[in-house]
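# Structural overview
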Amino acid sequence: MARKTKIPLQNILFPWIDALAVTSWGILMLQYWLSGKLYLLIHPNFFGLVVGCGICLVIIGLLKMREIWQQRRRVNTSSNLQHINLFPPGWGSALLLTVAILGLMITPRVFASDTAMQLGVSDLLSSGRVQPQSFRPSIRPEDRSLVDWARTINVYPEPDSYTGQDAKVQGFVIHPPDIGEEYIFLARFVLTCCAADAYPVGLPVKLPENQKRYSPDTWLEVEGKMITETLAGKRNLTIAATSIKEIPQPRNPYSY
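Residues numbered from 1 in each chain as written. Predicted model: local features only at pLDDT ≥ 70, side-chain atom pairs only at ≥ 80, totals over all residues. Heavy atoms only, no water.

### Considerations on the packing of aromatic side chains
Working definition: an aromatic ring pair is given by the centre-to-centre distance plus the angle between the planes. Which entries qualify depends on this criterion: Between 30 and 60 degrees the pair is tilted, below 30 it is stacked and above 60 it is edge-to-face, where a pair is any two Phe, Tyr or Trp rings, Trp via its six-membered ring, whose centres lie within 6.5 Å. Geometrically, a lysine NZ or arginine CZ counts as sitting over a ring once it is within 6 Å of the ring centre and also within 35 degrees of the ring normal.
In the structure shown here, the tally under the stated rule is four aromatic pairs. Of note, Arg 144 hangs over the ring of Trp 149, and the distance from its end group to the ring centre comes to 4.6 Å.

This is how it looks when you write it as structure tokens:
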């Protein structure tokens, strides 16, 4: 009768850890896509690539698990087990598996007012980062989003040109320190590729008399008329609000 060789524990565990790490990263990509978390990380143009990679990783991981299981049933020696590794085993795979599990448990943080303040909220309207090629001159003023307004101003920067035009926009509240109590700043972040290059754009809002102050990061829908106000020593296009309504944070809080 053949002598049964004792298999080292690491030779049993490492192939499974490799397979689980690959599968978990595929599941993580697909779960972020299905749950909408992917909107917080990358531009929708890249969703197809992420989904395709996720599917491929899940398939590779499952095939590797199947291969390990079949080999495990046929052989019972550590030397043979080592031949079934598609990837070099080690603690790196354990680290990848741990990160994937944490990614499934933790929701990415949405950029908010503190990040916008750090980037310089007072210069948002004069920032050249908004893309003028996306400017749509035929759009009705009341149909423009915050990003549409920022792009319009980037092309035609004279604020008096828009006096009296209707506005209806959505965004989150910022309280810059250099504007009066009767104003808030309404902003959104623009994503061009991924969260690493996100930048804020927005407009000042003049509150109606006796209007309550909204906390930073509160999402609002503001309706009103465009006026020109001098804020922090600069002439800025400003929304004179006639209606302010609190809204929930959108499933996709970023603009493109």
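### Looking at the pattern of salt bridges
Defined as follows: A pair is scored as a salt bridge if a Lys or Arg side-chain nitrogen falls within 4 Å of a carboxyl oxygen belonging to Asp or Glu. A helix here means a DSSP run of H or I that spans at least four residues, while a strand means a run of E at least two residues long, and both kinds are numbered starting from the N terminus. Throughout this description, buried means an accessible area under 20% of the type-specific maximum (1.4 Å probe, protein chains only), exposed means over 50%, and partly exposed covers the range between.
Under the definition given, this model contains seven salt bridges. In this structure, Glu 158 engages Arg 235 in a salt bridge whose closest nitrogen and oxygen atoms are separated by 3.0 Å. Placement of the pair is Glu 158 in the loop between α6 (146-155) and β1 (166-174) and Arg 235 in strand β5 (residues 234-246), with a sequence separation of 77 residues. In this structure, Arg 213 and Glu 181 form a salt bridge, with 3.5 Å as the shortest nitrogen-oxygen distance. A residue pair is termed long-range when its members are at least 10 positions apart, and Arg 213 in the loop between β3 (199-206) and β4 (219-231) and Glu 181 in the loop between β1 and β2 (183-190) qualify at 32 residues. Arg 213 gets classed as partly exposed once you look at its relative accessible area, which sits at 36%. Each member of the salt-bridge network shares a partner with another, and the members are Glu 158, Asp 160 and Arg 235.

### Let's talk about the confidence of the model for the chain
Reading fine detail from the predicted coordinates is not recommended where pLDDT is low. Defined as follows: pLDDT runs from 0 to 100 and stands for how confident the predictor is about each residue. For this analysis, residues touch if any pair of their heavy atoms sits within 4.5 Å.
Summarising the model, the chain shows a mean pLDDT of 78, and 79% of its residues fall at 70 or more. Across the chain, the secondary-structure element scoring lowest on mean pLDDT is helix α3 (residues 78-81), at 46, and the one scoring highest is β1, at 93. With pLDDT under 50 throughout, residues 77-88 is counted as low confidence; its partners more than four residues away or in other chains account for 25 contacts. Confidence over residues 130-135 falls short of pLDDT 50; this stretch has 14 contacts with residues more than four positions distant or in other chains.

### Things to note about the pairing of β4
The side chains of a regular strand alternate, residue by residue, between the two faces of the sheet. Condition: Here, any two strands with at least 2 DSSP bridges between them count as paired.
With seven bridges joining them, β1 and β4 adopt antiparallel strand pairing. When the bridges of β4 are listed, Gln 170 appears paired with Glu 221. Taken together, the twelve bridges between β4 and β5 define a ladder with antiparallel strand orientation. Its bridge partner lying in β5, Thr 228 is registered against Leu 237.

### Structural notes on the sheet that holds β1
Here is the rule: Orientation is described by lines fitted to C-alpha atoms, with helices fitted over the stretch in contact, and by angles between N-to-C directions that extend from 0 to 180 degrees.
The strand order around the closed barrel formed by five strands is β1-β2-β3-β5-β4, and the pairing between neighbours is mixed. Strand-to-strand twist in this sheet, taken as the mean axis angle between neighbours without regard to direction, amounts to 60°.

### Some remarks on a nonpolar patch on the surface
Just so we agree on the cut-off: Each patch is built from residues lacking any salt bridge and having more than 30% relative accessible area; the joining distance is 9 Å for like charges and 5 Å for nonpolar side chains (Val, Leu, Ile, Met, Phe, Trp, Tyr). A 1.4 Å probe and the Shrake-Rupley method give the accessible areas. Residues count as covered only by the protein chains that appear here.
A contiguous nonpolar surface patch, about 550 Å² in accessible area, is contributed by Ile 27, Ile 101, Leu 102, Leu 104, Met 105 and Ile 106. Considering each element in turn, the nonpolar patch owes the most residues, four residues, to helix α4 (residues 91-105). Looking at where Ile 101 falls in the secondary structure, it is placed in helix α4.

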